[in-house]
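Geometric and topological summary
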Amino acid sequence: QVQLVESGGGLVQAGGSLRLSCAASGRTLSSYGMGWFRQAPGKEREFVTTINWSGGTTLYADSVKGRFTFSRDNAANTVYLQMTSLKPEDTAVYYCAARSLPHVSARATAYDYWGQGTQVTVSS
């Protein structure tokens, strides 16, 4: 079993930055593909970004490309989402997820473990 705990969410003005962290326990993350998803009120959960086991491959949703950076520190069993140039439409609960395969995936159904989420609110 893998337990994931997100942190770093909060309230920020448009144009600002936040860094989300997702710390894992129970298993080492070094063989897991990881992802971030988000869910805004009244909307379905959507893909944000994914990273493979080594950090050598990342994919981003078009809406965040060039503004968000996904990285991982396998020694620390933690992944990070650096968010810059934030927009009000980025407001959502952000979820960290882990999949038992080492590769990237943009499909929520490909992930086996989920964190509880952290709220990100961007004011205009």
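What comes next concerns the included structure. Since the model is a prediction, treat every value here as computed from it, not as a measurement.

Conventions adopted
- Residues numbered from 1 in each chain as written.
- Predicted model: local features only at pLDDT ≥ 70, side-chain atom pairs only at ≥ 80, totals over all residues.
- Heavy atoms only, no water.
- Core = buried A, V, L, I, M, F, W, Y, C linked by side-chain atoms within 4.5 Å.
- Buried < 20%, exposed > 50% of the residue type's maximum accessible area, 1.4 Å probe, protein only.
- Helix = DSSP H or I, 4+ residues; strand = E, 2+ residues; numbered from the N terminus.
- Contact = heavy atoms within 4.5 Å.
- Polar contact = N/O pair within 3.5 Å; in protein donor to acceptor, adjacent residues only side chain to side chain.
- Disulfide = S-S within 2.5 Å.

Some words on the nonpolar core
Counting residues in hydrophobic clusters, the biggest one holds 35 residues, and the most contacted among them are Leu4, Met34, Trp36, Phe68, Leu81, Met83 and Tyr94. When residues of this core are traced back to their parent elements, those giving at least two are strand E3 (18–25), strand E4 (33–39), strand E5 (46–51), strand E7 (68–73), strand E8 (78–83), strand E9 (92–99) and strand E11 (118–123). Sequence-distant contacts of Leu81, defined by excluding residues within four places in its chain, comprise Leu18, Arg19, Leu20, Trp36, Val48, Thr49, Phe68, Thr69, Phe70 and Tyr94.

As for the environment of Glu46
Note on placement: Glu46 falls in strand E5. Accessibility expressed as a relative area gives 35% for Glu46, which makes it partly exposed. Linking Glu46 and Lys87, residues 41 residues apart in sequence, is a C-alpha distance of 16 Å. Ignoring any residue separated from it by four or fewer positions in sequence, one finds Glu46 in contact with Phe37 and Arg38. A distance of 2.5 Å separates a polar atom in the side chain of Glu46 from a polar atom in the side chain of Arg38.

A word on the state of the cysteines
One pass over the structure, following the stated rule, counts one disulfide. Disulfide partner of Cys22: Cys96, at an S-S distance of 2.1 Å. One disulfide, between Cys22 and Cys96, carries an S-S torsion of -80° and so falls in the left-handed class. Remark: Cys96 occurs in strand E9 and Cys22 occurs in strand E3; sequence separation between them is 74 residues. Taking relative accessible area as the criterion, Cys96 reaches 0% and is therefore assigned buried.

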